[in-house]
Every structure is written in structure tokens, then in C-alpha cells.
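Residue-level listing of the chains:
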Amino acid sequence: MIIESLINGFDMIMEMLQSGGVITYIILLLGIYGLLISIRKIFYLRKISKIDATEIMGTITSSMEQGGAIEALKNISHYKNPVSRIMSEALKIGYKNKIEVEESMEQIFVELSKMTNGISALKTIIELAPFLGLIGTVLGIWMTFKNLGVNPDAAAMAEGIYIALITTIAGLTVAIVLMPLYTYIKGLIDAEMDKIELATKMTNWSYAVIKIRVYEKLPCVIEALQEAEGIVSVKEISDPYSNIQISFKPSMLEKSISNIILEKCDVKSEITESKLRQ
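Draft legend 1. Seen up close, the overall build of the protein. Along the protein, the regular secondary structure elements total 11 helices and 4 strands. Burial analysis of the protein (278 residues in total) assigns 41% to the buried set. The contacts in the protein between residues at least 6 apart in sequence include a share of 76% that link residues at least 24 apart. Total accessible area on the protein is roughly 16000 Å²; 61% of this is exposed by carbon and sulfur atoms.

In C-alpha cells form, the structure reads like this:
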């Protein structure tokens with residue numbers, strides 16, 4: 001019984017497509033294209049939205065207490081979504097200056113076009129399909145009355161109007177099917193953009209402390225760092241892996257720590273620990 005109903009339904013659809021003419025096929029192709037866009041977009045968005053920004057931030061906070069920014073970068077490296085990439089770049093302050101970090105973040109935001117790519121086309125299909133159907137109906141009715149002027153027949157008139165209305169049915173069906181999918185996709189995109197905004201605020205570090213190791217010209221290095229923009233304090237320490245501790249404000253750091261030292265003292269340095277605070 002069910003199989004027979006499906007077969008009858010399929011035969012009816014094929015008959016409508018054949019009767020509807022070229023415009024019906026155009027509407028059908030647009031509907032299939034819109035459906036493919038929707039399915040691909042939903043799979044992509046659901047994949048990247050599985051991880052919450054607060055979960056990644058929790059990992060970063062616990063990592064900061066254990067081994068600092070380096071440990072945090074390692075622990076969030078397995079997250080593969082825009083939110084984790086933004087947070088990863090924000091953790092590199094000190095290794096990079098604030099401008100380099102901002103530029104890296106801007107590149108990530110460019111990648112976010114993947115989320116909205118195809119949405120305009122989907123919206124256009126939803127808006128266009130009913131109008132194409134209406135045009136098909138108007139043309140069909142016009143052709144029907146034109147033919148009736150030559151050979152009046154009530155049965156022919158009814159059949160002509162029936163065929164003409166097929167395009168309207170097809171156009172409305174495409175719009176009705178795709179509209180809920182479009183709304184759902186928009187909701188996923190808005191939710192992901194909210195996460196990205198939250199991630200940007202969470203990683204707006206107000207204070208940072210890093211430890212570095214240099215092997216020569218220690219007085220020159222300390223003096224260069226003390227004179228640098230954004231550096232709050234510099235002190236020599238006795239540590240198995242480090243000999244200088246630096247406190248700075250990330251938002252004011254014009255150059256990376258390594259570049260400051262290299263330009264002023266022509267000495268290479270190694271960051272051994274980096275801890276960032278909000």
C-alpha cells in the first residue's frame with residue numbers, strides 16, 4: 001500500500017514536470033541547487049559549532065596555571081574551528097607584537113566567509129522561485145486564452161489553467177522547503193558569530209608575564225626592554241631555564257620581545273614561559 005502510494009506520487013510529480021514545461025525544470029534545478037547548498041552549509045556549521053568558546057577558555061586557563069601560553073597552545077591545538085584559531089593567535093602575544101597578532105586575527109576573520117558563502121544564493125532562490133512560478137502561470141494562462149480564441153472549448157480551458165498552475169505550485173514548493181533550512185542556517189551562523197565575539201573579548205589580555213633566556217649582553221638586553229613601549233617591569237632572575245622576567249601590557253606592545261632585543265643588542269633570545277591574564 002505504501003509502495004503503491006509512493007509510485008503513484010512519483011508518477012504524478014513526473015507528469016506535472018512534463019506538463020509544466022521549461023520553467024518548471026528551471027525551478028526544479030534551482031530547488032536542487034538550493035538544497036545542496038543548505039545540506040553542505042548545515043554539515044559545515046554543525047561541525048565547527050560542536051566546541052564552545054567557554055570550553056576552550058577553560059582549557060587555556062588551566063594550562064596557564066601549569067605551563068603558560070606554550071602549554072595552552074599545545075592543549076587547544078586539537079580544536080579545529082575559528083574560535084580556537086582566534087584564541088591561538090591571541091596566545092602568541094609576546095612572541096608577536098600586537099599588530100602582528102591583530103593581522104593574524106584579521107586573516108582568520110577572512111576565513112569566516114566560508115560560513116556565509118552561498119547564503120545569498122540560497123536567499124535569492126527562495127525569493128525567485130515563486131516569481132518564476134507566477135511567470136509560468138501567467139504565460140500558461142495567456143497561451144490558453146490565445147488558443148481558445150481560435151477553438152473555444154471549456155475542457156481545453158480547464159486543462160490549460162491546470163497546466164499553467166503547475167509552475168506556481170513548483171515555485172511555492174521550492175520556497176516552502178528551503179525557507180526553514182535558510183532560517184536554521186542563519187541561526188547557526190549567528191550563534192557562531194556570537195562565540196567568535198566572546199572569544200575575542202575573552203582573549204583581550206590586560207597583563208602578561210614572560211620569562212626569557214639570553215646568553216650574552218644581559219645589561220644591554222635589560223636596558224633595551226626597560227625602554228621599550230608597553231613594558232611594565234624587567235628584572236634579572238635565577239632560574240634553570242631563564243635569566244630575565246618581563247611584565248608588559250599586551251595592548252601597548254609595539255614590537256615582539258625577540259625583535260626588541262635583536263634590534264637594540266643584536267642578541268637572540270628564547271621565550272621559556274609566557275603567562276597571560278585578563
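Draft legend 2. Local environment of the nonpolar core. The biggest cluster of nonpolar side chains holds 32 residues, and the ones touching the most others in it are Leu45, Ile56, Ile60, Met87, Leu122 and Ile185. Of all the secondary-structure elements, those providing two or more residues to this core are α2 (22-48), α3 (53-66), α4 (69-76), α5 (82-90), α8 (119-150) and α9 (154-202). The residues touching isoleucine 56, leaving out its near neighbours within four places in the chain, are Ile51, Ile76, Tyr79, Asn81, Val83, Ser84 and Met87. Leu225, Leu253, Cys265 and Leu276 belong to the second largest nonpolar core, which has 23 residues in total.

Draft legend 3. Fine view of the side chain of asparagine 243. Within the fold, asparagine 243 resides in the loop between β2 (231-236) and β3 (244-248). According to the relative accessible area criterion, asparagine 243 is buried, its value standing at 12%. Apart from residues no more than four positions distant in its own chain, asparagine 243 is found in contact with Ile212, Arg213, Val214, Leu218, Lys235, Glu236 and Ile237.

Draft legend 4. Broad picture of the sheet that holds β3. If you trace the 4 strands from one edge of the open sheet to the other, you get β2-β3-β1-β4, paired in antiparallel fashion. Whereas interior strands pair on both sides, the edge strands pair on one side only; in this sheet they are β2 and β4 (269-277). Averaged over all adjacent pairs, the angle separating strand axes in this sheet is 15 degrees, with direction ignored. Across 8 bridges, the pairing between strand β1 (residues 207-214) and β4 is antiparallel.

Cut-offs applied
- Residues numbered from 1 in each chain as written.
- Predicted model: local features only at pLDDT ≥ 70, side-chain atom pairs only at ≥ 80, totals over all residues.
- Heavy atoms only, no water.
- Helix = DSSP H or I, 4+ residues; strand = E, 2+ residues; numbered from the N terminus.
- Buried < 20%, exposed > 50% of the residue type's maximum accessible area, 1.4 Å probe, protein only.
- Contact = heavy atoms within 4.5 Å.
- Areas by Shrake-Rupley, 256 points an atom, 1.4 Å probe, with all protein chains shown as cover.
- Core = buried A, V, L, I, M, F, W, Y, C linked by side-chain atoms within 4.5 Å.
- Pairing = 2+ DSSP bridges.
- Axes fitted to C-alpha atoms, helices over the stretch in contact; angles between N-to-C directions.

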